[in-house]
Amino acid sequence: MSIPQDDRLEYSLLSERELQVLELVAAGLTNQDIAAKLDISKRTVDNHISNILMKTKSENRVALVRWALAWGKVCLNDVNCCALPTPPTQSNE
């Protein structure tokens, strides 16, 4: 599955904390478990997930995990472990 060019922008807009939350969602943790692991409130986790869903244009957690797998952000049993695509650089030629 390839990532449409429009969606590459949304990926770059995810903060480091949102990427941490995304990884824990993909690992199957509940919002309460994520809050405990990151030492933040559940409400903060809820807000992060809401923002991530909006930025990735995902309708729910399952769609979000599929998006994360497509990006190579998460690995499942050492499957789909690849480097994230980097945005194209402009050449000075």
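Not measured: the values here are computed from a predicted model.

(A) Quick look at the pattern of salt bridges. Here the structure, examined in full by the defined rule, presents 2 salt bridges. The partner of K55 in a salt bridge is E18, and the shortest N-O contact between them spans 2.9 Å. One end of the pair, K55, is in helix α4 (residues 42-56); the other, E18, is in helix α2 (residues 16-26), and 37 residues separate them in sequence.

(B) The packing of α4 against helix α5 (residues 61-71), seen in detail. The N-to-C vectors of α4 and α5 enclose an angle of 60°; their axes lie 10 Å apart at closest approach. Viewed along their axes, α4 and α5 adopt a mutual orientation that is oblique. Relative to α5, α4 is oriented so that their crossing is left-handed. Contacts from I49, I52, L53 and T56 in α4 reach R61, L64 and W67 in α5. Residue classes in the contact of α4 with α5 are distributed as 5 nonpolar, 1 polar and 1 charged.

(C) View of the confidence of the model for the protein. For the protein, per-residue confidence averages 79 on the pLDDT scale, and 66% of positions sit at 70 or higher. Confidence, read as mean pLDDT per element, is least for helix α1 (residues 5-12) in the protein (51) and greatest for helix α3 (residues 31-38) (98).

(D) Representation of the side chain of S58 within the structure. Among the structural elements, S58 can be located in the loop between α4 and α5. Relative accessible area serves as the criterion here: at 12%, S58 is assigned to the buried category. Among the polar contacts listed, one links the side chain of S58 to the side chain of T56, at a separation of 2.9 Å. When residues no more than four places from it in sequence are discounted, the contact partners of S58 are L53, A63, L64 and W67.

(E) Local environment of the nonpolar core. Of all hydrophobic cores here, the largest spans 19 residues; its most connected members are V21, I34, L64 and W67. Contributions of two or more residues to this core are made by α2, α3, α4 and α5. Top contributing element to this core by residue count: α2, with 6 residues. For L64, the contacting residues outside a window of four places in its chain are L22, V25, I52, L53, T56 and S58.

Cut-off values and rules
- Counting restarts for each chain, with residues numbered from 1 along the sequence as it is written.
- Two thresholds apply to this predicted model, a pLDDT of at least 70 for residue-level local features and 80 or more for giving and counting side-chain atom pairs, whereas whole-chain, interface and lining totals are computed over all residues.
- As a rule here, side-chain values cover all heavy atoms of the structure and leave hydrogens and water aside.
- Salt bridges are counted wherever a side-chain nitrogen of Lys or Arg sits within 4 Å of a carboxyl oxygen of Asp or Glu.
- A helix here means a DSSP run of H or I that spans at least four residues, while a strand means a run of E at least two residues long, and both kinds are numbered starting from the N terminus.
- Think of each axis as a best-fit line through the C-alpha atoms, taken over the contacting stretch in the case of a helix, with angles from 0 to 180 degrees between the N-to-C directions.
- In this scheme, roughly parallel covers angles under 35 degrees and roughly antiparallel covers those over 145, while 65 to 115 is roughly perpendicular and the rest are oblique.
- Crossing chirality is assigned from the near helix's rotation relative to the far helix, an anticlockwise turn below a right angle marking it left-handed and a clockwise turn marking it right-handed.
- By definition in these notes, contact holds between two residues if any of their heavy atoms fall within 4.5 Å.
- Only Asp, Glu, Lys and Arg are considered charged, only Ala, Val, Leu, Ile, Met, Phe, Trp, Tyr, Cys and Pro nonpolar, and every remaining residue, Gly among them, polar.
- The predictor attaches a confidence to each residue, called pLDDT, with possible values from 0 through 100.
- Each residue's exposure class comes from its accessible area (1.4 Å probe, protein chains only) as a fraction of the maximum for that residue type: buried when under 20%, exposed when over 50%, partly exposed otherwise.
- As used in this structure description, the phrase polar contact means that two N or O atoms lie within 3.5 Å; if the pair is within protein, one of them must be able to donate a hydrogen and the other to accept it, and residues adjacent in sequence are counted only when both atoms belong to side chains.
- We define a nonpolar core as any set of buried Ala, Val, Leu, Ile, Met, Phe, Trp, Tyr and Cys residues linked to one another through side-chain atoms lying within 4.5 Å.

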